[in-house]
Amino acid sequence: MADRYDLVVVGGGPGGYTAAIRAAQLGMQTAVVERDRLGGVCGNWGCIPSKAIIRSADVYDRAKRGEKLGIVAGSLSFDYAKIVAHSRGAADRVARGVKSLMKKNAITVIAGEGRLNARGQLVVGTDVVDAERILLATGSGERVLPGLEPAPPQVVTSRELLEETTLPGSVVIVGGGAIGVEFGYVFSSLGVKVTIVELEAQLLPGTDETIAKELERVFSRRGIEIRTKTGYRSIDKTSDGVVLHVEKDGQVEEIRAERCVVAVGRRARVEELGLTGAGVSTERGLITINDRFETSVPHVLAIGDLVDSPQLAHVAAAEGIAAVEIVAGRRPPGRLDPLRIPGCVYCHPEVATIGLSEAAARERGYDVKVGTFPYRALGRAVASDEMEGVVKLVTEARYGEILGCHVIGGSATDIIAEAAMTMGLEGTVWDLGGTVHAHPTFAEGVMEAALAATGEGVNA
Ligand code: FAD
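Basis of the calculations
Residues numbered from 1 in each chain as written. Predicted model: local features only at pLDDT ≥ 70, side-chain atom pairs only at ≥ 80, totals over all residues. Heavy atoms only, no water. Near = heavy atom within 4 Å. Polar contact = N/O pair within 3.5 Å; in protein donor to acceptor, adjacent residues only side chain to side chain. Areas by Shrake-Rupley, 256 points an atom, 1.4 Å probe, with all protein chains shown as cover. Helix = DSSP H or I, 4+ residues; strand = E, 2+ residues; numbered from the N terminus. Nonpolar A, V, L, I, M, F, W, Y, C, P; charged D, E, K, R; others polar. Phe/Tyr/Trp six-rings, centres within 6.5 Å; stacked < 30°, edge-to-face > 60°. Expected span 1.5 Å × (residues − 1). Buried < 20%, exposed > 50% of the residue type's maximum accessible area, 1.4 Å probe, protein only. Contact = heavy atoms within 4.5 Å. Core = buried A, V, L, I, M, F, W, Y, C linked by side-chain atoms within 4.5 Å. Axes fitted to C-alpha atoms, helices over the stretch in contact; angles between N-to-C directions. Parallel < 35°, antiparallel > 145°, perpendicular 65-115°, else oblique. Left-handed = near helix turned anticlockwise from the far one by under 90°. Disulfide = S-S within 2.5 Å.

**A short note on the site of the ligand**
Close to the ligand lie 40 residues, the nearest being G15, E34, K51, G114 and A313. Take R35: an N or O atom from its main chain is 3.2 Å from a nitrogen atom of the ligand. Coverage of the ligand by the protein chains reaches 95% of its 1000 Å² of free accessible surface. The dominant element in the shell around the ligand, judged by the number of residues it contributes, is helix 2 (residues 40-45), at four residues. A per-class count over the shell around the ligand returns 14 nonpolar, 17 polar and nine charged.

Structure representation (structure tokens):
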């Protein structure tokens, strides 16, 4: 342990460890305090293990439906305990990878729980860690509603679910956001009867309506029951599962299932950090920061799920880099532009979106031109039998600015990077439509949607 650090980061998730590496690269003497496992929620209990389980479900699902492609799988089955074991293995690998990155960059890892004292110093156990700056990156935990506190195996959040090695016959998922939708896809692919309850009018609230409606159509066809505009009221646990009481249009209904998955969002971990005593302000459960990522106590910075920005791993990492580079004088102050942040959902078909939805663009008064292109008209989608889906570009009529890009379909989570890049470089709809794309690729859908927006479409 050094006598004094330039920067001590609290939390070794994607925000914290990335910030630490960038700080070390910029010559700062850096330490990371982590109370659990390096890699954070993303590596251990979020992005990576959930995508590993999704991958297994996807392979099984594709094999089941493979006959059209000439694949005869015979008596197909799966071993859910092994699926979970593979997922835990992926998480372990990420944690080991982050550990070796800490070593490679000469970053001190301090095992323990960090909190601020009244003097604004960081304390781990009984030790004060002397540092010029403290970067808080302790992320978030599962939000629960009264009565829906985890009680495995009947009532679980994603945290318990990622370790649960048995599959129920039926599941009711409270919350139709990204996590609810991803687990809904996993369960339904593996033959579990799924009901998703969502308070808002559509799955993936806030997502462009065309995309959300297409997802609901595909999910319904798979047999997933979707109950939108439906609120959770209470739950009864029975010997063989749960009875969920929900309300729609003033009518209370019952949904019976063997398991209830609670996926109603994340709650920033602000309580245990000693913030009030140290004078660090919060607002609506999040730490308030300025455009230098400084809290109300200027030597204490905060990033990631703790602050008011999309709760995503790539946001946490990008904020970590930005915060440290601002400290080092390597970039001017400034927060990330939320309209330049892609958001992805890894169900099948995948969903990926960036920027304004069509409705939001119209609300802001833009002269909107929309271009859409259906997957069924894409050669690659036809060849791959992945014809469900659509690419939708929301553009501004006069200057061709890309205001938003919304995709549901094969490889959506990869091809969204093309829209992100174009928007970042302030490219136009003509740039996108005029770029020669390899054929046959899913990315051609973005080019075709751009051509559709300018009225120059060829293939649809
Ligand atoms: P975290 O990853 O939460 O890391 C915080 C770390 O701080 C943890 O390791 C914790 O142990 C540690 N810590 C907490 N308190 C203390 C303390 N007092 N002292 C020391 N250490 C402490 N995002 C995506 O972008 N893509 C996805 O596909 C995706 N999938 C997800 C799936 C699920 C099931 C879940 C739950 C989340 C998913 N997310 C996804 C969200 C993503 O995981 C978070 O946005 C991201 O992990 C936030 O990063 P962070 O660095 O802010 O905090």
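**Description of the packing of aromatic side chains**
Tallied over the entire structure, the rule returns three aromatic pairs. A centroid spacing of 6.5 Å and a plane angle of 35° characterise the contact between F183 and F187, whose relative ring orientation is tilted. Here the residue F183 and the residue F187 both occupy positions in helix 6 (residues 178-189), the gap between them amounting to four residues, near one helical turn. With 5.8 Å between their ring centres and 25° between their planes, Y375 and F442 make a pair best called stacked.

**Quick notes on helix 6**
The first and last C-alpha atoms of helix 6 sit 17 Å apart over 12 residues, in line with the 16 Å expected at 1.5 Å per residue. In terms of residue burial, helix 6 counts as a mostly covered element, since 10 of its 12 residues are buried. Of all the positions in helix 6, only G180, V181, E182, F183, G184, Y185, V186, F187, S188 and S189 are classed as buried. Looking one or two places after helix 6, you find G191, whose phi comes out positive at around 90°.

**Section: the environment of V109**
Following the sequence through the fold, V109 ends up in strand 3 (residues 108-111). The class of V109 is partly exposed, set by a relative accessible area of 39%. A C-alpha to C-alpha distance of 5.7 Å links V109 and A31, two positions 78 residues apart in sequence. In this structure, V109 is in contact with V32, L38 and M102, ignoring residues within four places of it in sequence.

**A few points about the nonpolar core**
L116, L122, L136 and I287 are the most contacted members of the largest nonpolar core, which has 49 residues in total. If we ignore the near neighbours within four places in the chain, the residues touching L116 are Q121, L122, I134, L136, L273, G274, L275, A278, V280 and V300. By size, the runner-up hydrophobic cluster in this structure holds 35 residues, among which are I54, Y80, V181 and V390.

**Focus on the packing of helix 3 (residues 47-64) against helix 6**
With their axes 9 Å apart at the nearest point, helix 3 and helix 6 run at an angle of 40° to one another. Relative to helix 6, helix 3 is oriented oblique. As for how helix 3 packs across helix 6, the hand of that crossing is left-handed. For the pair helix 3 and helix 6, contact is made by S50, K51, I53, I54, A57, D58, Y60, D61 and K64 and by E182, Y185, V186 and S189, respectively.

**Some details on the state of the cysteines**
According to the stated counting rule, one finds zero disulfides in the structure shown. Note on C347: no disulfide assigned, nearest cysteine sulfur contributed by C344 at a separation of 11 Å.

**A word on the side chain of T353**
Considering the arrangement of structural elements, one finds T353 in strand 22 (residues 351-355). Judged by its relative accessible area of 17%, T353 falls in the buried class. Sequence-distant contacts of T353, that is, excluding residues within four places in its chain, are made with T207, I341, P342, G343, C405, H406 and I416.

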